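Residue-level listing of the chains:
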Amino acid sequence: MRNYNNYKEIFSINDYSRVRKHRQIINSVLNGTTTGLLKLNDKLPSVNELAIDYNISRDTVVRAYAFLKENNIIDSIPGKGYYVKAASKEFEFKVFLLLNALSPHMKMFYDAFSEALKEIAEIDLYIYQNDLNDLKKQILYSNSKEYTHYVLLSDFENGNDDFIDFIKAEIPLDKLIVLENSIGKLESELVRSFQNYSAEFLDVLGSIKGKLTKYVGFRVINKIPNNINKSLQQFCEENELGIDLIENIEDEELVENCVYVVFEDDESLVSLIKKIVNTKLVIGEQVGIISYGDDNPIKDLLAGGITVITPVYEKLGHQAADFILKKEQKSSKNSLKIKVRKSI
């Protein structure tokens, strides 16, 4: 059993990376066994040694080692420590996966995506919290790695021409897969991207058309993606309904007999409900509410139940994996679903 003391050659733990530190430890060991830096029966640093050397918690190291042990990459001998049990296989794909934020539904996407690619792809997960500057840093940081695919799941419509130029300069377009929404002027140049939700959003509204006949129009809170805005505008024109965009719910004077649509913002949703309650209007009768984004148990309880339109993230995860596995060259259709509750 070789005692590997030069940890710096093996472990790459970056305080500025959005990849969780336990995952960075896992990736370091997997990379070490793949490149040959770590060999069968090599002894790893103890939990305390790694925690002290990298100023991280013991729980972080324990979590990483537990995952590696569960997947038969390492093993432990009581009183002697951890050692390499098996060299990890060389993955066919190495994927840079970028999400705009963490949420239960994003976890559904990730679980479906990683399950479909298990044992044939190494996936590095990055989170940029809707900050385009942070996104650029993550992509620049990734340039030192040999990724076969860059999978971006977010809405990039706010990206200006400089951002588009940055993407084109830093990511080979034949490696780029954009999911969920368009990426502005770059969309026509993409080899692989998902269709936007335009047609499906129109279909979803059509499915609840009967419930919307008692309203005279829509009032949209927060910025709405262009593709969905076009669908909503089309639906309103076809059904002779009005539509207005609202930047701040706090400044809104409530309009009776309208449906309020809240995009990706639970705080605004709660503020809207409070405002409606204070005016003594009846939700679902005198005023309607539709939430677009993640569903959760709270929305099932608020105001007797809030109607939610949300992407089917599990399906999106499997479709994204198919883009890699089947080398699809055409756009694929996403799915939206609606949970109708008392708010309309």
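What you are looking at is a predicted structure, and each value in this text was computed from that prediction instead of being measured. (Residues numbered from 1 in each chain as written. Predicted model: local features only at pLDDT ≥ 70, side-chain atom pairs only at ≥ 80, totals over all residues. Heavy atoms only, no water.)

Section: the pattern of salt bridges
Alright, step 1. Applying the stated criterion to the full structure yields 11 salt bridges.
Alright, step 2. Between Glu252 and Arg219 there is a salt bridge whose closest N-O contact spans 2.6 Å. Placement of Glu252 in the loop between β9 (242-246) and β10 (258-263) and of Arg219 in strand β8 (residues 217-221) is noted, with a sequence separation of 33 residues between them.
Alright, step 3. The class for Arg219 is buried, based on a relative accessible area of 14%.
Alright, step 4. Salt bridges sharing common partners tie together Lys94, Glu122 and Asp124. (Salt bridge = Lys/Arg side-chain N within 4 Å of Asp/Glu carboxyl O. Helix = DSSP H or I, 4+ residues; strand = E, 2+ residues; numbered from the N terminus. Buried < 20%, exposed > 50% of the residue type's maximum accessible area, 1.4 Å probe, protein only.)

Some words on the packing of helix α7 (residues 198-207) against helix α9 (residues 226-238)
Alright, step 1. Running from amino to carboxyl end, α7 crosses α9 at an angle of 40°, the nearest separation of the two axes being 8 Å. Comparing the axis directions of α7 and α9 gives the class oblique. In terms of crossing hand, the pair formed by α7 and α9 is right-handed. Along the contact surface, α7 presents Ser198, Ala199, Phe201, Leu202, Leu205 and Gly206, while α9 presents Asn227, Ile228, Ser231, Leu232, Gln234 and Phe235.
Alright, step 2. Here the contact of α7 with α9 is composed, by residue class, of seven nonpolar, five polar and no charged. (Axes fitted to C-alpha atoms, helices over the stretch in contact; angles between N-to-C directions. Parallel < 35°, antiparallel > 145°, perpendicular 65-115°, else oblique. Left-handed = near helix turned anticlockwise from the far one by under 90°. Contact = heavy atoms within 4.5 Å. Nonpolar A, V, L, I, M, F, W, Y, C, P; charged D, E, K, R; others polar.)

Concerning helix α12 (residues 313-325)
Alright, step 1. The first and last C-alpha atoms of α12 sit 18 Å apart over 13 residues, in line with the 18 Å expected at 1.5 Å per residue.
Alright, step 2. All of the buried residues in α12 are Tyr313, Leu316, Gly317, Gln319, Ala320, Ala321, Phe323 and Ile324. (Expected span 1.5 Å × (residues − 1).)

Here's the deal with the environment of Asp265
Alright, step 1. Along the chain, the position of Asp265 falls in the loop between β10 and α10 (266-279).
Alright, step 2. Given the relative accessible area of 24%, Asp265 is considered partly exposed.
Alright, step 3. Sequence separation between Asp265 and Asp294 is 29 residues; the distance between their C-alpha atoms is 9.4 Å.
Alright, step 4. At 3.3 Å, the side chain of Asp265 forms a polar contact with the side chain of Asn222. (Polar contact = N/O pair within 3.5 Å; in protein donor to acceptor, adjacent residues only side chain to side chain.)

Remarks on the sheet that holds β8
Alright, step 1. Read from one edge of the open sheet, six strands run β9-β8-β10-β11-β12-β13, paired in mixed fashion. The open sheet is flanked by β9 and β13 (336-339), the only strands paired with a single partner. Pairs of neighbouring strands in the sheet enclose a mean axial angle of 20°, with direction left out of account.
Alright, step 2. In this sheet, strand β11 (residues 288-292) lies alongside β10 in parallel orientation, the contact comprising five bridges. The partner of Val259 across the bridge, within β11, is Gly288. (Pairing = 2+ DSSP bridges.)

Section: the nonpolar core
Alright, step 1. By size, the foremost hydrophobic cluster in this structure holds 47 residues, and its most contacted members are Phe109, Phe113, Phe201, Phe218 and Leu232.
Alright, step 2. In terms of residue count, α12 provides more of this core than any other element does, six residues in total.
Alright, step 3. With sequence-adjacent residues up to four places away left out, Leu232 is seen in contact with Phe201, Leu205, Phe218, Val220, Ile224 and Ile243.
Alright, step 4. The next biggest cluster of nonpolar side chains, apart from the first, holds 21 residues, and it includes Ile25, Leu44, Val47 and Ala64. (Core = buried A, V, L, I, M, F, W, Y, C linked by side-chain atoms within 4.5 Å.)

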